[in-house]
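In case you want the letters, here they are:
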Amino acid sequence: DAGVTQSPTHLIKTRGQQVTLRCSPKSGHDTVSWYQQALGQGPQFIFQYYEEEERQRGNFPDRFSGHQFPNYSSELNVNALLLGDSALYLCASSLGGGGRPDTQYFGPGTRLTVL
Amino acid sequence: AQSVTQLDSQVPVFEEAPVELRCNYSSSVSVYLFWYVQYPNQGLQLLLKYLSGSTLVKGINGFEAEFNKSQTSFHLRKPSVHISDTAEYFCAVSYYNNNDMRFGAGTRLTVKP
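Since the structure is predicted, the reported quantities are computational estimates derived from the model, not experimental observations. (Residues numbered from 1 in each chain as written. Chains lettered and ligands numbered in written order. Predicted model: local features only at pLDDT ≥ 70, side-chain atom pairs only at ≥ 80, totals over all residues. Heavy atoms only, no water.)

Participant: I'd like to hear about the overall build of chain B, residue by residue, with values.
Facilitator: Each helix and strand in chain B was counted, giving zero helices and 12 strands. What you see in chain B, going N to C, is helices and strands ordered as β-β-β-β-β-β-β-β-β-β-β-β. Scaling as 2.2 N^0.38, a compact globule of 113 residues should have a C-alpha radius of gyration of about 13 Å, and chain B matches this with 14 Å. Taken along the three principal axes of its C-alpha coordinates, chain B extends 45 × 30 × 20 Å. (Helix = DSSP H or I, 4+ residues; strand = E, 2+ residues; numbered from the N terminus. Rg over C-alpha atoms; globule rule 2.2 N^0.38 Å.)

The following block contains the structure:
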């Protein structure tokens, strides 16, 4: 049973560029959440996708956008990159629906470096 | 506002000693609590979770945690640590009808021989 997978593993970009990160959820999961983990800090919630729509969003600017596909995989897009966007980007999958949050399972992350 | 506080940023301990990693949360509503472990250059692995029921929760690798509603705490414990337990540990909280999981800043556990 494959767990959560993310690609690429590492990425180097320059300021002002755009980047797309990809995530495939754990088998049977339909919900994908994205987190940003800056060096030495805990993960911060960016947004969550369920049924191909953004269900909830954290305190991140509109430069951060996403998409969920019919097979439940997801993309995170960041436009106009800033140096401060350098971080580990984590994807987590879970079972959706409403009400009680289900346990989130994390992928290995994508390390983004902005120069 | 929802928040999670991990009271110790670093915890050094000798091998085979007991350890407690402290976590407090702020909430006036029902919460769901989690502990995750992160090894260097890896993602987060779920150690254990409290959703409801018994306040003492047992997880993987010999870890356990106790949910204390009156003290709004969810401390992680292990009676005897191994070198391989050296990692970053994160406490996290979720709330009913809220998909925004909040994490603490993490506790670096270093097990020394």
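Participant: Can you explain the sheet that holds strand β8 (residues 74-78) of chain A? Please cite residues and give values.
Facilitator: Residue and element names in this part refer to chain A. Here we have four strands laid out as an open sheet, ordered β1-β3-β8-β7, and antiparallel in their pairing. Taken across any chain shown, the strands that pair with only one partner, and hence form the sheet edges, are β1 (5-7) and β7 (64-68). Taken over all neighbouring pairs, the strand axes of this sheet differ in orientation by 20 degrees on average, direction set aside. As paired elements, β7 and β8 share five bridges and run antiparallel to each other. Looking at β8, one finds that Q68 is bridged to S74. (Pairing = 2+ DSSP bridges. Axes fitted to C-alpha atoms, helices over the stretch in contact; angles between N-to-C directions.)

Participant: Residues and numbers for the nonpolar core, please.
Facilitator: A general tendency of soluble globular proteins is for nonpolar side chains to be buried together. Residue and element names in this part refer to chain B. In terms of nonpolar packing, the biggest core is built from 29 residues, with L33, W35, L47, L48, F74, L76 and Y89 touching the most fellow members. Per-element tally for this core: the top contributor is strand β10 (residues 87-95), with five residues. Beyond its immediate stretch of four places on either side in the chain, L47 contacts W35, Y36, V37, G59, I60, N61, F63, L76 and Y89. (Core = buried A, V, L, I, M, F, W, Y, C linked by side-chain atoms within 4.5 Å. Buried < 20%, exposed > 50% of the residue type's maximum accessible area, 1.4 Å probe, protein only. Contact = heavy atoms within 4.5 Å.)

Participant: Residues and numbers for the interface of chain A and chain B, please.
Facilitator: Taken together, the contact pairs 22 residues of chain A with 23 residues of chain B. Across the chain A/chain B interface, buried area totals approximately 1800 Å², and carbon plus sulfur atoms make up 53% of it. Listed by contribution, the elements that provide at least two residues to the side of chain A that touches chain B are β4 (31-37), β5 (44-50), β6 (53-57), β9 (87-94) and β10 (105-106) of chain A. The class makeup of the residues in the side of chain A that touches chain B is nine nonpolar, 11 polar and two charged. (Buried area = accessible area lost by both parts, 1.4 Å probe. Nonpolar A, V, L, I, M, F, W, Y, C, P; charged D, E, K, R; others polar.)

Participant: Any chance you could break down unusual backbone geometry for me, citing the residues and the numbers?
Facilitator: Residue and element names in this part refer to chain A. Geometrically, the link from S7 to P8 is a cis peptide bond, its omega value of -10 degrees lying close to zero. Here P8 lies in the loop between β1 and β2 (10-13). At A80, a residue that is not glycine, the phi angle is positive and equals roughly 45 degrees. By the element assignment, A80 lies in the loop between β8 and β9.

Participant: Any chance you could break down the pairing of β10 of chain B for me, citing the residues and the numbers?
Facilitator: Residues and elements named next belong to chain B. β10 sits mainly inside the fold: nine of its nine residues count as buried. Both faces of β10 are covered, namely the face carrying A87, Y89, C91, V93 and Y95 and the face carrying E88, F90, A92 and S94. Sheet topology places strand β5 (residues 31-38) next to β10; eight bridges connect them, and they run antiparallel. By the bridge assignment for β10, L33 is matched with V93.

Participant: Tell me about the pattern of salt bridges, residues and numbers included.
Facilitator: Taken as a whole and judged by the stated rule, the model has nine salt bridges over all chains. When the shortest N-O distance is used, the salt bridge between E75 of chain A and R22 of chain A registers 3.4 Å. You can see E75 of chain A sitting in strand β8 and its partner R22 of chain A sitting in strand β3 (residues 19-24), a full 53 residues away along the chain. A relative accessible area of 18% places E75 of chain A in the buried class. Across the salt bridge formed by E64 of chain B and K58 of chain B, the nearest N and O atoms sit 2.8 Å from each other. Of the residues examined, K58 of chain B reaches a relative accessible area of 61% and is grouped as exposed. It is possible to trace a salt-bridge network through shared partners that takes in E20, E66 and R77 of chain B. (Salt bridge = Lys/Arg side-chain N within 4 Å of Asp/Glu carboxyl O.)

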